[in-house]
Amino acid sequence: MDDTSKNKRRIIAVLLVIALAAAAGVIMYVNRTRSYATVTFHMDTYVSYDINCPRPERAVRKMEAAVKECEELFDRFDPSSEIAKINRNAGEAVEVSEQTYVLMFNALELAKQTGGSFDPTIGALSDLWGFGDEPRIPDQDDLAECLADVGFHKVTLSRDEKGGYYVCIAKGQKLDLGAIAKGYTLNEVGFAAYKAGCREGIISLGGNVLLLGSGQDGSGYKVGVRCPDENSNSSALVLKLGDTADDTVLSTSGSYERFFWEDGVRYCHIIDPFTGDCAEKDLKSVTVISSDPRRADGLSTAYYVMGIDRTLDALASGEITGVAIDRYGTIYISEDLMDKVVPDSVAEGYELEVVG
Ligand code: ADP
Ligand code: MG
C-alpha cells in the first residue's frame, strides 16, 4: 500500500469516528430525560402534566391529542359530538366510533356493578338541575317525569355485519357521561404517554390523577386528597402512591366541585338516579384508588351517591380501596392504605379513622 492510500484510509477512519461520536451525541441528546410541566384546559376543567421523559413537549402533544379526541366525541353540550348525536336521536340506533362504543360499554358495566348508583342516562335530570349553566331546584313534577326515563337497562349496544358500532337510548332518555368520560380519557392519555416513551410523571384531569412509573426514587409520588371545603385548595391528607401497579390512579368525587346553596342546603352536581335528588347528605367526598382510571372515576361518583354506610362497608370489605370524608371532618381510610399515608399530613380540623 502506498502512502496516499494509507492517508486516505486514515482520513476515512477519523471521519467515521467523528460521525459515530456525533450520532451517539444526537441519540444521547434525544434520549435524555427532562422534567416538563404544563397546564391546559379541556372538558371544563384543568389538565396538568408534570412529566419526566425524553422529548417531553412531544409527549404532551401526543397526550393532548388524545384528550382533544375524547373531548370532541363525548361533550354532550357540543352538537357535533357523538354523545349529542345519540341524545338527538333517542329511540334510534346511532352509528358511533369505536371509542364511544367502548366508553358506553364501560359505563353500562359500571352501572350494572353499582346497581345503578352510577347511571349514564341521568342526562335529563342533569339538565333539569341546570348544572351545565344555571343551577336551580327543579319543579317536582318535572323531576318525576325525568326520573321515569332514567335507566341504563334501556340502552342497547350493537354491531352490524360490517363491524359498525351502534348505540341506542330509549325515547325520552339523555346521556351524560360526565362521571366517567374523564377517567376514560385519562386511560387514553396513559396509552399515548406510553407510546411517546413517557414512563414517569403525574397527569391530572379534574379530580382524576394518573401516575406514570413510581417517581424519581422509585418510592412513589405524594398525592393530596383535597379538602372537601369550599374555596379550599389544600389537602385533607397526603398519600404516597404509585409504587405498585394497583395504586396508579386516584379519583375524587365530591360536593365541593360544582354546587349551589339554597335554604342552608348544599346541592351538588352528583345526582341520585333513584330519587333525582342532589342535596349533600352525609359525605363530602369519596376518593377511589385503582389501577383503572375509568373504574376509579365511575366508582367515586357511585359511592358518593350510595352514601356513608354503604361506602364504609365497601372500604371495610375491600370492594374499593380509598378514602371517604364526611361532613364532620372524619377521613375514613381503607386499612391497606394506612402505610401510604404521609406522616403528619392530616390537615387541621380533620381526623383519620381506619376502616377494616
Ligand atoms: P367531576 O366531574 O367533578 O370529576 P364526577 O366524576 O363525580 O365529578 O362526575 C360528576 C358528573 O357526572 C356530573 O357533573 C354529571 O355530569 C354526572 N353525574 C352526576 N350524577 C351521576 C350519577 N349518579 N351517575 C352517573 N353520572 C352522574
Ligand atoms: Mg366520577
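None of these values were measured; they are calculated from a predicted model.

Chemist: Describe the overall build of the protein, with residues and values.
Modeler: Each helix and strand in the protein was counted, giving nine helices and 16 strands. Considering only C-alpha atoms, the protein reaches an extent of 105 × 55 × 35 Å along its principal axes. With 356 residues in all, the protein has 50% of them scored as buried. Excluding contacts between residues fewer than 6 apart, the proportion of contacts in the protein whose partners are at least 24 apart in sequence is 58%. Carbon and sulfur atoms make up 51% of the accessible area of the protein, which totals about 17,600 Å². A gap of 12 Å separates the mean positions of the 36 positive and 56 negative side-chain charges of the protein.

Chemist: So what's going on with the site of ligand 1? Which residues, and what values?
Modeler: As a matter of local geometry, ligand 1 sits amid 18 residues, with D176, K182, S253, I271 and T301 nearest to it. At 3.0 Å from a nitrogen atom of ligand 1 is found a main-chain nitrogen or oxygen belonging to S117. Within the side chain of S253, a nitrogen or oxygen atom sits 2.7 Å from an oxygen atom of ligand 1. Considering each element in turn, the shell around ligand 1 owes the most residues, three residues, to helix α8 (residues 293–306).

Chemist: I'd like a description of the packing of aromatic side chains, backed by residues and values.
Modeler: All chains considered together, the criterion is met by seven aromatic pairs. With centroids separated by 6.5 Å and ring planes inclined at 40°, the aromatic side chains of W129 and F260 adopt a geometry described as tilted. Here F260 lies in strand β11 (residues 259–262) and W129 lies in helix α5 (residues 123–129), a separation of 131 residues in the sequence.

Chemist: Pulling in residues and values, what's your account of unusual backbone geometry?
Modeler: Phi is positive for D44, which is not a glycine, with a value near 65°. Note that D44 resides in the loop between β1 (33–42) and β2 (45–54). For D263, which is not glycine, the phi dihedral falls at a positive 50°. Relative to the helices and strands, D263 resides in the loop between β11 and β12 (265–268). With relative accessibility at 76%, the residue D263 sits in the exposed group.

Chemist: How would you summarise the pairing of β12 if you had to cite specific residues and measurements?
Modeler: The pairing of β11 with β12 spans four bridges and is classified as antiparallel. Paired with F259 across the bridge in β12 is C268. Count of turn residues in the β11/β12 antiparallel hairpin: two residues, of which D263 carries a positive phi of about 50°.

Chemist: Tell me about the coordination of the magnesium ion (ligand 2), and name the residues and values.
Modeler: Summarising the metal site, the magnesium ion (ligand 2) is bound by the protein donors A179 (O), D297 (O), D297 (OD) and T301 (OG1), whose distances to it range over 2.1 to 2.7 Å. All donors to the magnesium ion (ligand 2) come from one chain, and their sequence spacing reads A-x117-D-x3-T. Taken together, the positions of A179 in the loop between β5 (165–168) and α7 (181–195) and T301 in helix α8 put the pair 122 residues apart, joining distant regions of the chain. For the pair A179 and T301, a shared accessibility class is recorded, and that class is buried.

Chemist: Could you give an account of a negative patch on the surface, naming the residues involved and the relevant values?
Modeler: A surface patch of like charges, here negative, comprises D139, D141, D142 and E145. If you trace the backbone, D139 turns up in the loop between α5 and α6 (140–149). Residue classification places D139 among the partly exposed positions, given a relative accessible area of 41%.

Chemist: How would you summarise the side chain of Q173 if you had to cite specific residues and measurements?
Modeler: Assignment of secondary structure puts Q173 in the loop between β5 and α7. When near neighbours in sequence (up to four residues on either side) are disregarded, Q173 contacts A90, T121, D149, V150, G151, K154 and V155.

Chemist: Would you mind going over the sheet that holds strand β3 (residues 93–96) in detail, with residue names and values included?
Modeler: Ordered by their spatial adjacency, three strands build an open sheet running β3-β5-β4, and the pairing between neighbours is antiparallel. Both edges of this open sheet fall to β3 and β4 (156–159), since each of them pairs with a single strand only. Taking each pair of neighbouring strands and ignoring which way they run, the sheet shows an average axis angle of 30°. Of the strands in this sheet, β3, β4 and β5 are in contact with helix α4 (residues 98–113), which crosses β4 at around 140°.

Chemist: Report on the sheet that holds strand β13 (residues 283–290), specifying residues and quantitative values.
Modeler: With mixed pairing, the nine strands of this open sheet are ordered in space as β1-β2-β6-β7-β10-β13-β14-β15-β16. With one partner strand each, in any of the chains shown, β1 and β16 (351–355) form the two edges of the open sheet. Direction aside, the axes of adjacent strands within the sheet are offset by 15° on average. Note: strand β14 (residues 321–326) against strand β15 (residues 330–334), three bridges, orientation antiparallel. Bridge assignment links V323 to a residue of β15, and that residue is I333. Contacts from α8 reach β7 (208–212), β10 (249–254) and β13 within the one sheet, and its direction differs from that of β13 by about 155°.

Chemist: Talk me through the packing of helix α2 (residues 56–74) against α4; I want residue IDs and the actual numbers.
Modeler: Two numbers describe how α2 lies on α4: the axes approach to 10 Å, and their chain directions differ by 75°. With respect to α4, the element α2 is oriented roughly perpendicular. Facing E69, L73 and F74 of α2, the residues of α4 in contact are Q99, T100 and L103. Tallied by class, the residues present in the contact of α2 with α4 amount to three nonpolar, two polar and one charged.

Procedures and definitions
Residues numbered from 1 in each chain as written. Chains lettered and ligands numbered in written order. Predicted model: local features only at pLDDT ≥ 70, side-chain atom pairs only at ≥ 80, totals over all residues. Heavy atoms only, no water. Helix = DSSP H or I, 4+ residues; strand = E, 2+ residues; numbered from the N terminus. Buried < 20%, exposed > 50% of the residue type's maximum accessible area, 1.4 Å probe, protein only. Contact = heavy atoms within 4.5 Å. Areas by Shrake-Rupley, 256 points an atom, 1.4 Å probe, with all protein chains shown as cover. Lys, Arg positive; Asp, Glu negative; His and termini not counted. Charge placed at Lys NZ, Arg CZ, Asp CG, Glu CD. Near = heavy atom within 4 Å. Polar contact = N/O pair within 3.5 Å; in protein donor to acceptor, adjacent residues only side chain to side chain. Phe/Tyr/Trp six-rings, centres within 6.5 Å; stacked < 30°, edge-to-face > 60°. Pairing = 2+ DSSP bridges. Donors = N, O, S within 2.8 Å, 3.2 Å for Na, K, Ca; no water. Patch = residues over 30% accessible without salt bridge, like charges linked within 9 Å, V, L, I, M, F, W, Y side chains within 5 Å. Salt bridge = Lys/Arg side-chain N within 4 Å of Asp/Glu carboxyl O. Axes fitted to C-alpha atoms, helices over the stretch in contact; angles between N-to-C directions. Parallel < 35°, antiparallel > 145°, perpendicular 65-115°, else oblique. Nonpolar A, V, L, I, M, F, W, Y, C, P; charged D, E, K, R; others polar.

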